[in-house]
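# Understanding the architecture of this molecule
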Amino acid sequence: MHTNTVQITKPSSFDPHHPPEKELLSDCVHCGFCLPACPTYVLWGEEMDSPRGRIYMMAKAAQGEAPLDQNFRTHMDNCLGCMACMTACPSGVQYNNLIESTRAQVERNIPRDSTDSFFRKLLFATFPHPTRLKLMAGPLFLYQRSGLQSLVRRSGVLKLLPTRLAAMESLLPSVPAHFTWTMPKKIAPTGASRGRVGMLTGCVQSVFFSHVNAATARVLVAEGFEVVTPPSQPCCGALMLHSGLDQQAAAMARNLIALFEAADVETIVINAAGCGSTMKEYGYLLRDDSQWANRASAFSAKCKDITEILCSLPPIAPRHPLPLRVAYHDACHLRHAQGIYQQPRQLLSAIPQLEVAEIAEASLCCGSAGVYNLLQPEAAQQLGDRKVGHLLDARAQAVVSANPGCLLQLMSGLRRRGERTLPALHMIELLDASIRGLTADQILSDQKNLSFQ
(Lines give C-alpha, C1' and ligand atoms only; values in the text may rest on other atoms or scores of the structure.)
Protein backbone atom coordinates (compact mmCIF):
# COMPACT_ATOMS: atom_id res chain seq x y z
CA MET A 1 0.00 0.00 0.00
CA HIS A 2 1.41 3.35 -1.03
CA THR A 3 0.93 6.41 1.12
CA ASN A 4 0.98 9.77 -0.58
CA THR A 5 2.66 12.53 1.42
CA VAL A 6 0.98 15.86 0.94
CA GLN A 7 3.27 18.89 1.22
CA ILE A 8 1.40 21.80 2.74
CA THR A 9 2.85 25.11 1.65
CA LYS A 10 2.21 27.87 4.13
CA PRO A 11 1.59 31.38 2.86
CA SER A 12 4.50 33.76 3.20
CA SER A 13 4.50 36.15 6.12
CA PHE A 14 5.63 38.89 3.75
CA ASP A 15 3.17 40.96 1.73
CA PRO A 16 3.36 40.57 -2.09
CA HIS A 17 5.11 43.90 -2.81
CA HIS A 18 8.82 43.20 -3.31
CA PRO A 19 9.41 40.59 -0.62
CA PRO A 20 13.04 39.44 -0.28
CA GLU A 21 13.65 37.27 -3.33
CA LYS A 22 13.81 33.55 -2.62
CA GLU A 23 16.60 33.10 -5.16
CA LEU A 24 18.71 35.62 -3.28
CA LEU A 25 17.88 34.02 0.07
CA SER A 26 19.02 30.62 -1.24
CA ASP A 27 22.43 32.03 -2.20
CA CYS A 28 23.42 32.03 1.47
CA VAL A 29 25.06 28.72 2.44
CA HIS A 30 25.45 29.76 6.12
CA CYS A 31 29.22 29.31 5.99
CA GLY A 32 29.93 31.91 8.67
CA PHE A 33 32.48 34.03 6.82
CA CYS A 34 30.23 37.04 7.49
CA LEU A 35 30.33 36.68 11.28
CA PRO A 36 33.64 38.44 12.08
CA ALA A 37 32.81 41.14 9.51
CA CYS A 38 29.44 42.02 11.05
CA PRO A 39 29.58 44.86 13.63
CA THR A 40 26.59 43.70 15.68
CA TYR A 41 27.83 40.11 15.81
CA VAL A 42 31.26 41.37 16.88
CA LEU A 43 29.60 43.38 19.67
CA TRP A 44 27.11 40.81 20.94
CA GLY A 45 27.96 37.38 19.52
CA GLU A 46 24.26 36.80 18.85
CA GLU A 47 23.50 34.56 15.85
CA MET A 48 20.29 36.40 14.94
CA ASP A 49 22.28 39.64 14.86
CA SER A 50 24.58 38.31 12.16
CA PRO A 51 23.90 38.45 8.40
CA ARG A 52 23.34 34.71 8.10
CA GLY A 53 21.05 34.79 11.15
CA ARG A 54 18.97 37.57 9.65
CA ILE A 55 18.83 35.75 6.31
CA TYR A 56 17.65 32.63 8.18
CA MET A 57 14.85 34.68 9.75
CA MET A 58 13.93 36.15 6.36
CA ALA A 59 13.78 32.66 4.82
CA LYS A 60 11.58 31.37 7.62
CA ALA A 61 9.22 34.33 7.19
CA ALA A 62 9.16 33.76 3.42
CA GLN A 63 8.15 30.15 4.06
CA GLY A 64 5.40 31.22 6.45
CA GLU A 65 7.20 29.55 9.36
CA ALA A 66 7.94 32.73 11.30
CA PRO A 67 5.75 35.79 11.89
CA LEU A 68 6.65 39.39 11.23
CA ASP A 69 6.66 40.32 14.89
CA GLN A 70 8.53 42.64 17.23
CA ASN A 71 11.39 40.15 17.64
CA PHE A 72 11.84 40.00 13.85
CA ARG A 73 11.79 43.78 13.65
CA THR A 74 14.35 44.19 16.44
CA HIS A 75 16.96 42.04 14.70
CA MET A 76 16.40 43.81 11.38
CA ASP A 77 16.61 47.20 13.09
CA ASN A 78 19.89 46.18 14.73
CA CYS A 79 21.58 45.79 11.33
CA LEU A 80 23.71 48.79 10.37
CA GLY A 81 23.43 48.06 6.67
CA CYS A 82 27.20 48.53 6.37
CA MET A 83 27.48 45.69 3.80
CA ALA A 84 30.77 44.42 5.23
CA CYS A 85 29.22 40.97 4.96
CA MET A 86 29.11 41.35 1.17
CA THR A 87 32.85 41.93 1.02
CA ALA A 88 33.44 38.88 3.22
CA CYS A 89 30.92 36.57 1.52
CA PRO A 90 32.43 33.91 -0.83
CA SER A 91 28.98 33.12 -2.30
CA GLY A 92 28.13 36.60 -3.56
CA VAL A 93 25.01 36.99 -1.44
CA GLN A 94 23.22 40.25 -2.32
CA TYR A 95 22.58 41.20 1.27
CA ASN A 96 21.94 44.83 0.33
CA ASN A 97 18.85 43.91 -1.68
CA LEU A 98 17.68 41.45 0.97
CA ILE A 99 17.90 43.82 3.93
CA GLU A 100 16.37 46.76 2.06
CA SER A 101 13.42 44.67 0.83
CA THR A 102 12.93 43.25 4.31
CA ARG A 103 13.06 46.64 6.02
CA ALA A 104 10.34 47.89 3.68
CA GLN A 105 8.24 44.90 4.76
CA VAL A 106 8.94 45.74 8.40
CA GLU A 107 7.81 49.35 7.98
CA ARG A 108 4.56 48.28 6.30
CA ASN A 109 3.65 45.34 8.48
CA ILE A 110 5.07 45.72 11.99
CA PRO A 111 3.77 48.66 14.02
CA ARG A 112 6.15 50.74 16.11
CA ASP A 113 5.34 52.36 19.42
CA SER A 114 4.38 56.03 19.30
CA THR A 115 7.73 57.33 20.60
CA ASP A 116 9.81 55.39 18.06
CA SER A 117 7.44 56.28 15.26
CA PHE A 118 7.47 60.00 16.12
CA PHE A 119 11.27 60.14 16.33
CA ARG A 120 11.66 58.46 12.95
CA LYS A 121 9.15 60.83 11.36
CA LEU A 122 11.07 63.75 12.86
CA LEU A 123 14.34 62.52 11.34
CA PHE A 124 12.89 61.90 7.90
CA ALA A 125 11.05 65.21 7.91
CA THR A 126 14.38 66.97 8.48
CA PHE A 127 17.54 65.29 7.19
CA PRO A 128 16.49 64.64 3.56
CA HIS A 129 15.44 68.30 3.11
CA PRO A 130 18.29 70.81 2.58
CA THR A 131 15.96 73.83 2.86
CA ARG A 132 14.71 72.69 6.25
CA LEU A 133 18.26 71.98 7.37
CA LYS A 134 19.24 75.53 6.45
CA LEU A 135 16.35 76.88 8.54
CA MET A 136 17.61 74.84 11.48
CA ALA A 137 21.21 75.89 10.92
CA GLY A 138 20.59 79.49 12.02
CA PRO A 139 19.43 78.70 15.57
CA LEU A 140 22.07 75.95 15.84
CA PHE A 141 24.77 78.45 14.81
CA LEU A 142 23.67 80.80 17.60
CA TYR A 143 23.46 77.88 20.06
CA GLN A 144 27.08 77.00 19.34
CA ARG A 145 28.66 80.42 18.89
CA SER A 146 26.94 82.00 21.90
CA GLY A 147 28.64 79.53 24.23
CA LEU A 148 25.31 77.95 25.20
CA GLN A 149 26.32 74.57 23.78
CA SER A 150 29.49 74.47 25.90
CA LEU A 151 27.46 75.44 28.97
CA VAL A 152 24.83 72.77 28.29
CA ARG A 153 27.45 70.07 27.78
CA ARG A 154 29.37 71.01 30.94
CA SER A 155 26.20 71.17 33.04
CA GLY A 156 25.38 67.49 32.59
CA VAL A 157 21.81 68.28 31.58
CA LEU A 158 22.20 66.13 28.46
CA LYS A 159 22.31 63.06 30.70
CA LEU A 160 18.71 63.80 31.66
CA LEU A 161 17.51 63.72 28.07
CA PRO A 162 16.27 60.60 26.27
CA THR A 163 19.23 58.70 24.82
CA ARG A 164 18.33 59.46 21.21
CA LEU A 165 18.04 63.21 21.79
CA ALA A 166 21.34 63.26 23.67
CA ALA A 167 22.94 61.40 20.76
CA MET A 168 21.53 63.92 18.31
CA GLU A 169 23.09 66.80 20.27
CA SER A 170 26.44 65.03 20.55
CA LEU A 171 26.58 64.54 16.77
CA LEU A 172 25.93 68.18 15.89
CA PRO A 173 28.61 69.43 13.51
CA SER A 174 30.14 72.84 13.91
CA VAL A 175 27.70 74.97 11.91
CA PRO A 176 29.65 77.13 9.43
CA ALA A 177 28.95 80.85 9.25
CA HIS A 178 28.30 80.36 5.51
CA PHE A 179 25.53 77.77 5.93
CA THR A 180 23.39 79.56 3.31
CA TRP A 181 26.16 79.39 0.68
CA THR A 182 25.34 77.47 -2.49
CA MET A 183 27.49 76.04 -5.26
CA PRO A 184 27.81 78.00 -8.52
CA LYS A 185 25.62 76.51 -11.25
CA LYS A 186 28.57 76.11 -13.62
CA ILE A 187 32.35 76.39 -13.30
CA ALA A 188 34.66 76.36 -16.31
CA PRO A 189 37.69 74.06 -16.27
CA THR A 190 41.27 75.18 -15.99
CA GLY A 191 42.72 74.78 -19.48
CA ALA A 192 41.30 72.36 -22.05
CA SER A 193 38.16 70.51 -21.02
CA ARG A 194 38.42 66.80 -20.23
CA GLY A 195 34.70 66.37 -19.70
CA ARG A 196 31.46 67.87 -18.40
CA VAL A 197 30.38 66.48 -15.04
CA GLY A 198 27.36 67.06 -12.84
CA MET A 199 27.88 67.31 -9.10
CA LEU A 200 25.62 66.06 -6.33
CA THR A 201 25.50 68.52 -3.44
CA GLY A 202 23.77 66.30 -0.89
CA CYS A 203 21.49 67.20 2.02
CA VAL A 204 23.61 67.36 5.19
CA GLN A 205 26.66 67.85 2.97
CA SER A 206 25.32 71.00 1.30
CA VAL A 207 24.51 72.71 4.59
CA PHE A 208 27.09 71.55 7.12
CA PHE A 209 29.91 70.38 4.82
CA SER A 210 29.66 72.87 1.97
CA HIS A 211 33.43 73.38 2.20
CA VAL A 212 33.79 69.75 1.06
CA ASN A 213 31.63 70.45 -1.99
CA ALA A 214 33.72 73.53 -2.73
CA ALA A 215 36.95 71.53 -2.45
CA THR A 216 35.52 68.82 -4.70
CA ALA A 217 34.64 71.34 -7.39
CA ARG A 218 38.05 73.04 -7.17
CA VAL A 219 39.83 69.73 -7.66
CA LEU A 220 37.65 68.79 -10.64
CA VAL A 221 38.21 72.19 -12.24
CA ALA A 222 41.96 71.95 -11.67
CA GLU A 223 41.91 68.54 -13.36
CA GLY A 224 40.19 69.96 -16.45
CA PHE A 225 36.51 69.21 -15.84
CA GLU A 226 33.61 71.56 -16.38
CA VAL A 227 31.46 71.28 -13.25
CA VAL A 228 27.68 71.68 -13.51
CA THR A 229 25.69 71.82 -10.27
CA PRO A 230 21.91 71.79 -10.81
CA PRO A 231 20.29 74.07 -8.21
CA SER A 232 17.63 73.00 -5.69
CA GLN A 233 18.68 69.36 -5.75
CA PRO A 234 16.33 66.95 -3.94
CA CYS A 235 17.53 64.23 -1.60
CA CYS A 236 18.86 61.11 -3.34
CA GLY A 237 16.67 58.93 -1.09
CA ALA A 238 19.51 57.03 0.60
CA LEU A 239 18.29 57.55 4.17
CA MET A 240 14.76 56.56 3.19
CA LEU A 241 15.79 53.45 1.28
CA HIS A 242 18.11 52.22 4.03
CA SER A 243 15.30 52.68 6.56
CA GLY A 244 12.60 50.78 4.67
CA LEU A 245 10.78 53.77 3.17
CA ASP A 246 11.17 52.49 -0.36
CA GLN A 247 8.26 54.37 -1.94
CA GLN A 248 9.54 57.72 -0.68
CA ALA A 249 13.04 56.78 -1.87
CA ALA A 250 11.70 55.90 -5.32
CA ALA A 251 9.94 59.28 -5.60
CA MET A 252 13.15 61.09 -4.65
CA ALA A 253 15.10 59.02 -7.18
CA ARG A 254 12.76 60.01 -10.00
CA ASN A 255 13.12 63.70 -9.13
CA LEU A 256 16.91 63.51 -9.03
CA ILE A 257 17.09 61.56 -12.31
CA ALA A 258 14.95 64.15 -14.09
CA LEU A 259 17.04 67.02 -12.72
CA PHE A 260 20.35 65.59 -13.93
CA GLU A 261 18.89 64.50 -17.27
CA ALA A 262 18.05 68.17 -17.88
CA ALA A 263 21.63 69.14 -16.97
CA ASP A 264 22.96 67.06 -19.88
CA VAL A 265 26.17 65.83 -18.23
CA GLU A 266 28.41 62.88 -19.08
CA THR A 267 29.09 61.83 -15.49
CA ILE A 268 27.55 62.51 -12.09
CA VAL A 269 30.16 63.00 -9.39
CA ILE A 270 29.40 62.08 -5.77
CA ASN A 271 31.51 62.78 -2.69
CA ALA A 272 29.28 61.11 -0.08
CA ALA A 273 29.56 57.32 0.08
CA GLY A 274 26.01 56.61 1.24
CA CYS A 275 24.51 58.72 -1.54
CA GLY A 276 26.73 57.09 -4.15
CA SER A 277 25.82 53.53 -3.22
CA THR A 278 22.09 54.31 -3.45
CA MET A 279 22.29 56.25 -6.71
CA LYS A 280 24.19 53.39 -8.33
CA GLU A 281 21.25 51.10 -7.46
CA TYR A 282 18.43 53.21 -8.90
CA GLY A 283 17.98 50.69 -11.69
CA TYR A 284 17.09 48.03 -9.11
CA LEU A 285 14.97 50.40 -7.02
CA LEU A 286 12.81 51.34 -10.03
CA ARG A 287 12.96 47.96 -11.77
CA ASP A 288 9.17 47.57 -11.92
CA ASP A 289 8.45 51.09 -13.14
CA SER A 290 8.07 50.82 -16.92
CA GLN A 291 8.46 54.56 -17.41
CA TRP A 292 11.57 54.92 -15.27
CA ALA A 293 13.46 51.60 -15.18
CA ASN A 294 15.61 52.27 -18.27
CA ARG A 295 16.15 55.91 -17.34
CA ALA A 296 17.20 54.85 -13.85
CA SER A 297 19.70 52.30 -15.18
CA ALA A 298 21.18 54.88 -17.57
CA PHE A 299 21.43 57.39 -14.73
CA SER A 300 23.12 54.89 -12.41
CA ALA A 301 25.68 54.07 -15.09
CA LYS A 302 26.77 57.74 -15.03
CA CYS A 303 27.24 57.87 -11.25
CA LYS A 304 30.84 57.84 -10.05
CA ASP A 305 32.50 58.53 -6.74
CA ILE A 306 34.91 61.45 -6.91
CA THR A 307 37.83 59.06 -6.40
CA GLU A 308 36.76 56.94 -9.40
CA ILE A 309 36.71 60.00 -11.64
CA LEU A 310 40.10 61.26 -10.54
CA CYS A 311 41.75 57.84 -10.85
CA SER A 312 40.35 57.25 -14.33
CA LEU A 313 42.67 59.81 -15.96
CA PRO A 314 46.27 60.87 -15.37
CA PRO A 315 46.49 63.95 -13.13
CA ILE A 316 47.11 67.37 -14.65
CA ALA A 317 47.34 69.66 -11.64
CA PRO A 318 50.66 69.49 -9.76
CA ARG A 319 50.61 68.22 -6.18
CA HIS A 320 52.52 70.27 -3.60
CA PRO A 321 54.01 68.72 -0.44
CA LEU A 322 51.71 68.31 2.53
CA PRO A 323 53.81 67.06 5.46
CA LEU A 324 51.16 65.35 7.56
CA ARG A 325 50.47 61.95 9.07
CA VAL A 326 46.81 61.03 8.65
CA ALA A 327 44.76 57.98 9.58
CA TYR A 328 42.43 56.88 6.77
CA HIS A 329 39.00 55.50 7.70
CA ASP A 330 37.09 53.55 5.04
CA ALA A 331 33.46 54.60 4.73
CA CYS A 332 31.45 51.37 4.62
CA HIS A 333 29.28 52.42 1.68
CA LEU A 334 32.42 53.20 -0.27
CA ARG A 335 34.49 50.13 0.62
CA HIS A 336 31.77 47.50 0.88
CA ALA A 337 28.68 48.72 -0.99
CA GLN A 338 30.63 50.24 -3.92
CA GLY A 339 33.82 48.19 -3.72
CA ILE A 340 36.00 51.32 -3.76
CA TYR A 341 39.09 50.67 -1.68
CA GLN A 342 42.25 51.39 -3.67
CA GLN A 343 41.25 54.67 -5.32
CA PRO A 344 41.27 56.88 -2.19
CA ARG A 345 44.61 55.43 -1.17
CA GLN A 346 46.01 55.96 -4.67
CA LEU A 347 45.03 59.64 -4.61
CA LEU A 348 46.37 60.23 -1.11
CA SER A 349 49.63 58.43 -1.85
CA ALA A 350 50.27 60.83 -4.75
CA ILE A 351 50.47 63.80 -2.37
CA PRO A 352 54.16 64.44 -1.58
CA GLN A 353 55.16 64.04 2.08
CA LEU A 354 51.69 62.88 3.14
CA GLU A 355 51.91 59.77 5.31
CA VAL A 356 48.78 57.63 5.35
CA ALA A 357 48.40 55.28 8.32
CA GLU A 358 46.20 52.20 8.09
CA ILE A 359 44.17 51.34 11.18
CA ALA A 360 43.20 48.10 12.89
CA GLU A 361 39.77 46.62 12.06
CA ALA A 362 39.64 48.91 9.04
CA SER A 363 36.63 47.14 7.54
CA LEU A 364 34.50 47.39 10.72
CA CYS A 365 31.82 50.11 10.69
CA CYS A 366 32.29 53.22 12.85
CA GLY A 367 28.62 53.12 13.85
CA SER A 368 27.36 56.01 11.73
CA ALA A 369 25.45 54.06 9.06
CA GLY A 370 23.07 56.78 7.90
CA VAL A 371 20.89 57.57 10.91
CA TYR A 372 21.76 54.39 12.80
CA ASN A 373 23.75 56.40 15.35
CA LEU A 374 20.54 58.31 16.14
CA LEU A 375 18.18 55.33 16.13
CA GLN A 376 20.52 52.89 17.92
CA PRO A 377 22.83 55.23 19.88
CA GLU A 378 24.17 52.71 22.41
CA ALA A 379 25.48 50.26 19.80
CA ALA A 380 26.69 53.11 17.60
CA GLN A 381 28.69 54.64 20.45
CA GLN A 382 30.31 51.30 21.23
CA LEU A 383 31.42 50.99 17.63
CA GLY A 384 32.46 54.64 17.48
CA ASP A 385 34.60 54.32 20.60
CA ARG A 386 36.19 51.17 19.21
CA LYS A 387 37.02 52.93 15.93
CA VAL A 388 38.37 56.04 17.65
CA GLY A 389 40.66 53.90 19.79
CA HIS A 390 42.21 52.43 16.64
CA LEU A 391 42.52 55.88 15.08
CA LEU A 392 44.34 57.25 18.11
CA ASP A 393 46.66 54.25 18.07
CA ALA A 394 47.79 55.40 14.62
CA ARG A 395 49.18 58.60 16.22
CA ALA A 396 48.02 60.72 13.31
CA GLN A 397 47.58 64.47 13.08
CA ALA A 398 44.19 64.16 11.39
CA VAL A 399 41.51 61.60 10.64
CA VAL A 400 40.42 61.27 7.00
CA SER A 401 37.30 59.69 5.53
CA ALA A 402 35.02 60.08 2.49
CA ASN A 403 31.54 60.43 3.97
CA PRO A 404 29.89 63.19 6.03
CA GLY A 405 28.13 60.74 8.37
CA CYS A 406 31.42 59.04 9.21
CA LEU A 407 33.06 62.42 9.88
CA LEU A 408 30.30 63.40 12.31
CA GLN A 409 30.51 60.04 14.07
CA LEU A 410 34.28 60.18 14.38
CA MET A 411 34.26 63.77 15.64
CA SER A 412 31.70 62.83 18.28
CA GLY A 413 33.81 59.85 19.37
CA LEU A 414 36.94 61.97 19.52
CA ARG A 415 35.16 64.49 21.77
CA ARG A 416 34.15 61.68 24.14
CA ARG A 417 37.84 60.81 24.41
CA GLY A 418 38.79 64.45 24.99
CA GLU A 419 40.58 64.69 21.63
CA ARG A 420 39.05 67.98 20.57
CA THR A 421 42.07 69.14 18.57
CA LEU A 422 42.27 66.14 16.22
CA PRO A 423 40.58 67.26 12.97
CA ALA A 424 38.38 64.94 10.91
CA LEU A 425 38.65 65.76 7.22
CA HIS A 426 37.18 64.58 3.95
CA MET A 427 39.97 63.12 1.81
CA ILE A 428 39.17 65.55 -1.01
CA GLU A 429 40.15 68.42 1.31
CA LEU A 430 43.69 67.07 1.46
CA LEU A 431 43.90 66.73 -2.32
CA ASP A 432 42.52 70.24 -2.74
CA ALA A 433 45.05 71.62 -0.24
CA SER A 434 47.93 69.91 -2.04
CA ILE A 435 46.87 71.26 -5.45
CA ARG A 436 46.46 74.78 -4.05
CA GLY A 437 49.77 74.67 -2.20
CA LEU A 438 48.28 75.17 1.27
CA THR A 439 50.37 74.42 4.34
CA ALA A 440 49.64 71.73 6.90
CA ASP A 441 48.64 74.41 9.41
CA GLN A 442 46.14 75.86 6.97
CA ILE A 443 44.45 72.55 6.27
CA LEU A 444 44.26 71.72 9.98
CA SER A 445 42.68 75.05 10.85
CA ASP A 446 38.94 75.61 10.98
CA GLN A 447 39.00 78.36 8.37
CA LYS A 448 37.28 77.05 5.23
CA ASN A 449 38.03 79.04 2.06
CA LEU A 450 35.10 78.77 -0.36
CA SER A 451 36.50 81.11 -3.00
CA PHE A 452 36.90 79.81 -6.57
CA GLN A 453 39.29 82.60 -7.48
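Up top is the structure.
This write-up is about the structure you can find in this document.

Each value, and the rule that gives it
Residues numbered from 1 in each chain as written. Predicted model: local features only at pLDDT ≥ 70, side-chain atom pairs only at ≥ 80, totals over all residues. Heavy atoms only, no water. Pairing = 2+ DSSP bridges. Helix = DSSP H or I, 4+ residues; strand = E, 2+ residues; numbered from the N terminus. Axes fitted to C-alpha atoms, helices over the stretch in contact; angles between N-to-C directions. Phe/Tyr/Trp six-rings, centres within 6.5 Å; stacked < 30°, edge-to-face > 60°. Buried < 20%, exposed > 50% of the residue type's maximum accessible area, 1.4 Å probe, protein only. Salt bridge = Lys/Arg side-chain N within 4 Å of Asp/Glu carboxyl O.

## Quick word on the sheet that holds strand 6 (residues 324-328)
Read from one edge of the open sheet, four strands run 7-6-8-9, paired in parallel fashion. The open sheet has two edge strands, strand 7 (354-357) and strand 9 (424-426), and neither has a second partner. Adjacent strand axes in the sheet meet at a mean angle of 35°, parallel and antiparallel pairs treated alike. Sheet analysis places strand 6 next to strand 8 (residues 398-401), joined by three bridges and oriented parallel. Residue pairing in the sheet places Ala327 in a bridge with Val399 of strand 8.

## Quick word on the packing of aromatic side chains
Counted by the stated rule, this structure contains four aromatic pairs. Note on Phe14 and Phe72: the rings are 6.2 Å apart at their centroids and 65° apart in plane angle, and the pair reads as edge-to-face. Remark: Phe72 occurs in helix 4 (residues 70-78) and Phe14 occurs in the segment before helix 1 (22-25); sequence separation between them is 58 residues. Pair check on accessibility: Phe14 and Phe72 agree, each one buried. Seen from their ring centres, Phe141 and Phe179 are 6.3 Å apart, and the 50° between their planes marks the pair as tilted. Placement of the pair is Phe141 in helix 8 (residues 130-145) and Phe179 in the loop between helix 10 (163-170) and strand 1 (186-187), with a sequence separation of 38 residues. Of the two residues, Phe141 and Phe179, neither departs from the other in class, the shared state being buried.

## Comments concerning unusual backbone geometry
Even without being glycine, His30 reaches a positive phi, approximately 55°. By secondary structure assignment, the location of His30 is in the loop between helix 1 and helix 2 (39-44). Backbone geometry places Asp264, a non-glycine residue, at a positive phi of 55°. Here Asp264 lies in the loop between helix 14 (246-263) and strand 4 (267-270). A relative accessible area of 58% places Asp264 in the exposed class.

## As for the environment of Phe14
The exposure class assigned to Phe14 is buried, which follows from its relative accessible area of 8%. A sequence separation of 91 residues divides Phe14 from Gln105, and the C-alpha atoms of the two residues are 6.6 Å apart.

## A short note on the pattern of salt bridges
Evaluated as defined, the whole model comprises 27 salt bridges. The shortest N-O distance in the salt bridge between Arg120 and Asp77 comes to 3.7 Å. Of this pair, Arg120 sits in helix 7 (residues 114-124) while Asp77 is found in helix 4, placing the two residues 43 residues apart along the sequence. Classification of Arg120 by relative accessible area gives buried; the value is 8%. Residue Asp77 is classed as buried on the basis of its relative accessible area of 13%. The salt bridge partner of Glu226 is Arg196, with a shortest N-O separation of 3.2 Å. Here Glu226 is found in strand 3 (residues 225-228), whereas its partner Arg196 is found in strand 2 (residues 195-199), with 30 residues between them in sequence.

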